[in-house]
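Listed below, chain by chain, are the residues.
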Amino acid sequence: MAELPSVLDMVRSEIAVMVEVFERDGDASAAWRAFFLGRKYGCEIPDLINKEIDRFAEAVGAVADLAFQGDNKATISNEEVGLVWKNFKDRDAGPAVFRARRDYDIAVDAARLRLAGFSATHVTDVLTKRHGVSKTTLYNAQKRFPDVQYMSQAELDGHPYHRDG
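Residues numbered from 1 in each chain as written. Predicted model: local features only at pLDDT ≥ 70, side-chain atom pairs only at ≥ 80, totals over all residues. Heavy atoms only, no water.

(A) Inspection of the nonpolar core at higher detail. The biggest cluster of nonpolar side chains holds 27 residues, and the ones touching the most others in it are Ile15, Val21, Ile49 and Val148. Counting residues per element, the ones that place at least two in this core are helix H1 (7-25), helix H2 (28-41), helix H3 (47-68) and helix H5 (95-115). In contact with Ile49, not counting residues within four places along its chain, are Val19, Phe22, Ala31, Ala34 and Phe35. (Core = buried A, V, L, I, M, F, W, Y, C linked by side-chain atoms within 4.5 Å. Buried < 20%, exposed > 50% of the residue type's maximum accessible area, 1.4 Å probe, protein only. Helix = DSSP H or I, 4+ residues; strand = E, 2+ residues; numbered from the N terminus. Contact = heavy atoms within 4.5 Å.)

Structure (structure tokens):
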């Protein structure tokens, strides 16, 4: 039986996915997730992520600095934080991270069904219904996480995101 990946290996893998999501989509929540995981588990935080955290902190900190200097009108509203939070495509943060997780779940489900002996056609039929996605989305999810197809059942079940059912 293959050895299960360590927690640090899984965290580093997730950080890499979050960096990919941030690079591709500019989703600030991916940068913050990578930063959180890196700090929590003592992993190296990529410069790209540190720069995004610094950008956000600087924008909010500049207003705090004005207030500290005595500007009683210096406040940062929810709307202003929202503008700082939006990515370069002027979209709210979060959807790209959601899609990455959904795609990973799809790739894991596909690998589990293939290990159980299901044909590619049956896997496609089951997963398009189970996840409510198109065949193209299903294909792209598996393409995005190609290494999942080589995981053993123990590795698939031992992953911290394993869900029964």
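(B) How the structure looks around the packing of aromatic side chains. Evaluated as defined, the whole model comprises three aromatic pairs. An angle of 75 degrees between the planes, with centres 6.0 Å apart, marks the rings of Trp32 and Phe35 as edge-to-face. Taken together, the residues Trp32 and Phe35, both in helix H2 and three residues apart, mark about one turn of the helix. According to the relative accessible area criterion, Phe35 is buried, its value standing at 17%. Taking the relative accessible area as the measure of exposure, Trp32 reaches 28% and is therefore partly exposed. Ring pairing ties together the aromatic residues Trp32, Phe35 and Phe56, which thus form one cluster. (Phe/Tyr/Trp six-rings, centres within 6.5 Å; stacked < 30°, edge-to-face > 60°.)

(C) Seen up close, a nonpolar patch on the surface. Nonpolar side chains collect at one region of the surface, where Val7, Leu8 and Tyr41 lie side by side and expose about 240 Å² of accessible area between them. If you trace the backbone, Tyr41 turns up in helix H2. (Patch = residues over 30% accessible without salt bridge, like charges linked within 9 Å, V, L, I, M, F, W, Y side chains within 5 Å. Areas by Shrake-Rupley, 256 points an atom, 1.4 Å probe, with all protein chains shown as cover. Salt bridge = Lys/Arg side-chain N within 4 Å of Asp/Glu carboxyl O.)

(D) View of the pattern of salt bridges. Summed over all chains, the structure comprises 12 salt bridges. Residue Arg24 is joined to Asp25 by a salt bridge in which the shortest nitrogen-to-oxygen separation is 3.1 Å. When its relative accessible area of 10% is taken as the criterion, Asp25 is described as buried. Taken together, the shared-partner salt bridges in this structure form one network comprising Glu20, Arg24, Asp25, Arg99, Arg102, Asp103 and Arg144.

(E) Highlighting the packing of H5 against helix H7 (residues 135-144). With their axes 8 Å apart at the nearest point, H5 and H7 run at an angle of 90 degrees to one another. Considering their axes alone, H5 and H7 lie roughly perpendicular with respect to each other. Side by side, H5 and H7 meet where Arg99, Ala100, Arg102, Asp103, Ile106, Ala107, Ala110 and Arg114 of the first sit next to Thr137, Leu138, Ala141, Gln142 and Arg144 of the second. For the contact of H5 with H7, a count of residues per class yields six nonpolar, two polar and five charged. (Axes fitted to C-alpha atoms, helices over the stretch in contact; angles between N-to-C directions. Parallel < 35°, antiparallel > 145°, perpendicular 65-115°, else oblique. Nonpolar A, V, L, I, M, F, W, Y, C, P; charged D, E, K, R; others polar.)

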